[in-house]
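Next come the chains, spelled out residue by residue.
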Amino acid sequence: MPEGHVTHRAARLHTKRFGKKSVNVSSPQGRFSDSAQKVDGSVVEKIEARGKHIFYWFSTGEAVHIHLGLFGKFRLSKSPFPEPSENARVLIWTDDHEMQLTGPNTCELLVPTEIEKVLSKLGPDPIAEGMNGLERFQTAVSKRKIPVGRALMDQKVAAGLGNVFRSELLFLTGINPHTASNELPEDQVDQLWRTIVDALKSAERSGKIVTITPEDAGDTPRSKLERNESLYTYHRDGRGCRRCGTLIQMNKIDSRNIWWCPNCQPAR
Ligand SMILES: [Zn+2]
């Protein structure tokens, strides 16, 4: 599932093309036709991301709320546009640019009070709030007695984290994923949030998740690393830790696999 860097990057790239522009809106697939008609021809005031959610705000005062889920995909095109997919839930276009959305988990037209409801279910967003989100993160972490590996998947703890980031960020901070969230010392929680902010912002800029540090990457520039060279633990079970050689472990937390190095991330 796309993590928070994907939604923020999409919001930024879409804003460049559609921000403050009057746009055409349709739903080739038909499931969004009534809502598309309501905003067709109006101006896109802003496009925002919060966690894994994207909001296209229109001059009508409403916003299209999008959650990509597992299968949702955006396609951006320049004129002349390719044929839209018959599965396109939404098509938004100007004379020059087009955005096609297929397969989203959620795509709905909401009024501001409904949007407030969506936002109220989200914790601090590391990309939108940066270090300002630290206090809310500290509070959320200290209230949960569940393993921290599970707490990080709770969108009320941190909005935008998914399965790749949770394993990698815990490795970077030397925290064992099974440690109870509320037992983490304050300085580790601070360091964890700082690491989350840095990692997501960096992934938003580059469009991919590279957690390996320049020291560990060696001579290869980080931008040139293949996916299987960019991460410390994710899908590396049974292979040696890049730092200490200990075999990376895997098990399930919250029905999703999680990976860690038992030596670099000792149990407390
Ligand atoms: Zn290690």
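Look up a bit, the structure's there.
Keep in mind that this is a model prediction, so the values were computed, not measured.

## Overview of the overall build of the chain
Tallying secondary structure elements over the chain gives ten helices and ten strands in all. At 20 Å, the chain has a C-alpha radius of gyration in line with the 18 Å of a compact globule built from 268 residues. When burial is assessed residue by residue, the chain has 50% of its 268 residues classed as buried. The long-range fraction of contacts in the chain, counting pairs at least 24 apart against all pairs at least 6 apart in sequence, stands at 59%. Of the roughly 12900 Å² that the chain leaves accessible, carbon and sulfur atoms contribute 46%. Distance from the positive charge centre (38 side chains) to the negative charge centre (32 side chains) of the chain: 2 Å.

## Side note on the coordination of the zinc ion
Around the zinc ion, the protein supplies Cys 241 (SG), Cys 244 (SG), Cys 261 (SG) and Cys 264 (SG) as donor atoms, at distances of 2.2 to 2.4 Å. Geometry at the zinc ion is tetrahedral, judged from the four donor atoms that bind it and their angles of 100 to 115° at the metal. Donor residues for the zinc ion sit on one chain with the sequence pattern C-x2-C-x16-C-x2-C. Residue classification places Cys 261 among the buried positions, given a relative accessible area of 0%.

## Quick notes on the pattern of salt bridges
Summed over all chains, the structure comprises seven salt bridges. Across the salt bridge formed by Glu 204 and Arg 12, the nearest N and O atoms sit 2.7 Å from each other. One end of the pair, Glu 204, is in helix α8 (residues 186–206); the other, Arg 12, is in helix α1 (residues 4–18), and 192 residues separate them in sequence. By relative accessible area, which is 10% here, Glu 204 ends up buried. Since its relative accessible area comes to 34%, Arg 12 is described here as partly exposed.

## With respect to unusual backbone geometry
Each neighbour pair has its own omega, and for Ser 79 with Pro 80 the value is 0°, a cis peptide bond. A positive phi angle, near 65°, is found at Lys 20, a position not held by glycine. Secondary-structure assignment places Lys 20 in the loop between α1 and β1 (24–26). Lys 20 gets classed as exposed once you look at its relative accessible area, which sits at 60%.

## Observations regarding the packing of aromatic side chains
Throughout the structure, instances matching the rule amount to four aromatic pairs. Between Phe 137 and Trp 193, the ring centres sit 4.8 Å apart and the planes meet at 35°, which makes this aromatic pair tilted. Separated by 56 residues along the polypeptide, Phe 137 in helix α5 (residues 134–142) and Trp 193 in helix α8 bring together distant segments of the chain. Over the ring of Trp 57 we find Lys 46; its NZ or CZ atom is 5.7 Å from the centre of that ring.

## Regarding a nonpolar patch on the surface
A contiguous nonpolar patch, built from Met 1, Leu 70 and Phe 71 and spanning about 370 Å² of accessible area, is present on the exposed surface. Along the polypeptide, Leu 70 turns up in the loop between β4 (63–67) and β5 (73–78). A residue is classified by how much of its surface remains accessible, and Leu 70, at 58% relative accessible area, is exposed.

Cut-offs applied
- Position numbers for residues count from 1 along each chain, tracking the sequence in the order it is written.
- Given that the model is predicted, a residue must reach a pLDDT of at least 70 before its local features are reported, and side-chain atom pairs must reach 80 or more before they are shown or counted; all residues, however, enter totals for whole chains, interfaces and linings.
- Neither water nor hydrogens contribute to the side-chain values; these are computed over all heavy atoms in the structure.
- Only DSSP runs of H or I reaching four residues or more are called helices, and only runs of E reaching two or more are called strands; each is numbered from the N terminus.
- Here the globule rule reads 2.2 Å times residues to the power 0.38, and the radius of gyration is calculated from C-alpha atoms.
- To sort residues, take the accessible area from a 1.4 Å probe on protein chains only and compare it with the maximum for the residue type: under 20% means buried, over 50% means exposed, and anything in between is partly exposed.
- Residue contacts follow a heavy-atom distance rule, with two residues in contact if any of their heavy atoms lie within 4.5 Å.
- In this description, accessible areas are obtained by the Shrake-Rupley approach with a 1.4 Å probe, and a residue is regarded as covered only by the protein chains that are shown.
- Counted as positive: Lys and Arg. Counted as negative: Asp and Glu. His and the chain ends are not counted at all.
- Charge positions are represented by NZ for Lys, CZ for Arg, CG for Asp and CD for Glu.
- Each metal's donors are the N, O and S atoms within 2.8 Å of it, or within 3.2 Å when it is Na, K or Ca, and because water is not part of the set, sites may look incomplete.
- Key to geometry: four donors with every angle between 85 and 135 degrees are tetrahedral; four donors are square planar and six octahedral where opposite donors lie over 155 degrees apart and all remaining angles lie between 65 and 115; all other sites are irregular.
- The working definition used for a salt bridge is a side-chain nitrogen of Lys or Arg within 4 Å of a carboxyl oxygen of Asp or Glu.
- Two rings from Phe, Tyr or Trp (for Trp, the six-membered ring) form a pair when their centres sit within 6.5 Å of each other. Planes less than 30 degrees apart are called stacked, planes more than 60 degrees apart edge-to-face, and all others tilted.
- In this scheme, the term charge over a ring applies when either NZ of a lysine or CZ of an arginine sits within 6 Å of the ring centre and within 35 degrees of the ring normal.
- Residues with no salt bridge and a relative accessible area higher than 30% make up the patches, which join like charges within 9 Å and nonpolar side chains (Val, Leu, Ile, Met, Phe, Trp, Tyr) within 5 Å.

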